[in-house]
Amino acid sequence: MKKLLTLSIALLLISACSNKHIMVKKTEKYPAKQYITKVSYDTQKDIAKENALKEIKSIFNGLKPGDTYTDARRQAVLDSAKVVETWKDKTNNKYYALAVIQREQAQKLIEPAYAMIDSKMKTMSDNIEKEENKWRALQYAFAMEDLFAQRQELDEEYKIVSYDKLAYEEKSLNNFKNSYAKAFSDVQIIYEFEGFEDKIVKSKVIEALNSLGFGVSEIKQEADIILHMNIVLDNFSSKTTDGLYWSTATANVNLKEAKNGNIIATFSESQRTGSFRPEEAQRQSQIAAGKVCAPIVKEKLLNYINKK
């Protein structure tokens, strides 16, 4: 019995090694630099081929769903998949199938979408560079944001089919980003903060505003916009959990034109956080209130700029 078991294990190892050798020889003809490859198997040859195609056509499954145009483009890439090799392992009577997608062909199917986006991006970028009115230049920059998002989604597809994982025409993208940043840097915003008890809190709020693209400074200089933010805290102990403290931070925000003081927008936002340390509850509630205000500031500025 022991001899039979040993013999069975030996045969399995020989089978596995033999099939692995065959698989290596088959895939060597389709190097990873040029092909995306998937191998599948089944006791029936046709099903093994179907499985291999199913496997390779799942390469985009983890990506964010797109619009009709995106779906059509991805489907064109998947439709280029084909089974190029099949073989039978006689030791286990299973059929193996190797499916491939040619990387160069797939990239060519994606690149026209880049050309369309980059053409629009270049128009906006050129408009920013030659526009003397800073507010109009900023409108062009805002219009670029959706294009950047589209391009980023496209990059996710391109990285899958591209062997080196690099973005398409990255140099051009960097030039567009520079123009975009220039439009924001030409608009000067100064802030006035009241009620903030922690320098770190201030820096977090400023970081959130900087992430929108705007440069924000406390220095009293010639400016276009004044951002005034006042924080009011309401602190209280939890009625249900001993030792837990709650803090509600209400940020009252005013945006106004620096030259004449005309109010652009005014709004309030509140955020509540809890901690077993009162000072930490206060700190985190202020940070949360500041962060939630940042995108609203951007929205209000966008509405203002579009009316300029």
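For the structure, check the block above.
Summary of the structure given here. (Residues numbered from 1 in each chain as written. Predicted model: local features only at pLDDT ≥ 70, side-chain atom pairs only at ≥ 80, totals over all residues. Heavy atoms only, no water.)

## Considerations on the sheet that holds strand β4 (residues 188-194)
With respect to topology, 5 strands assemble into an open sheet ordered β5-β4-β6-β7-β8, the strand pairing being mixed. Each of the sheet's edge strands pairs with one partner strand only, and the pair in question is β5 (215-217) and β8 (263-275). The mean angle between the axes of side-by-side strands here comes to 25 degrees, regardless of whether they run parallel or antiparallel. In the packing of helix α8 (residues 278-306) onto the sheet, the strands contacted are β4, β6 (225-237), β7 (245-257) and β8, and the crossing angle to β8 comes to about 150 degrees. (Pairing = 2+ DSSP bridges. Helix = DSSP H or I, 4+ residues; strand = E, 2+ residues; numbered from the N terminus. Axes fitted to C-alpha atoms, helices over the stretch in contact; angles between N-to-C directions. Contact = heavy atoms within 4.5 Å.)

## Observations concerning the environment of S203
One can find S203 in helix α7 (residues 199-210). On the basis of relative accessible area, S203 is assigned to the partly exposed category, the value being 29%. (Buried < 20%, exposed > 50% of the residue type's maximum accessible area, 1.4 Å probe, protein only.)

## Focus: the packing of aromatic side chains
Working definition: an aromatic ring pair is given by the centre-to-centre distance plus the angle between the planes. All told, the structure shown has 9 aromatic pairs when counted by the stated rule. Here the aromatic rings of F142 and F184 are separated by 5.5 Å at their centres, their planes lie at 80 degrees, and the arrangement is edge-to-face. Taken together, the residues span a long stretch of sequence, with F142 in helix α5 (residues 134-161) and F184 in helix α6 (residues 170-185) at a distance of 42 residues. F184 gets classed as buried once you look at its relative accessible area, which sits at 1%. Put simply, the rings of F142, F148, Y180 and F184 pair up and form one aromatic cluster. Over the face of the ring belonging to W246 we find R272, whose NZ or CZ atom lies 4.1 Å from the ring centre. (Phe/Tyr/Trp six-rings, centres within 6.5 Å; stacked < 30°, edge-to-face > 60°. Lys NZ or Arg CZ within 6 Å of the ring centre and 35° of its normal.)

## Some words on the pairing of strand β3 (residues 94-102)
Of the strand pairs in this sheet, strand β1 (residues 35-42) and β3 are connected by 8 bridges, and their pairing is antiparallel. Note that in β3 the partner of K38 across the bridge is A99. Two strands pair when backbone bridges link them, and strand β2 (residues 82-89) and β3 are joined in this way by 7 bridges, in the antiparallel orientation. By the bridge assignment for β3, K88 is matched with Y95. Linking β2 back to β3 in an antiparallel pair, the connection comprises 4 residues, with N93 at a positive phi of about 55 degrees.

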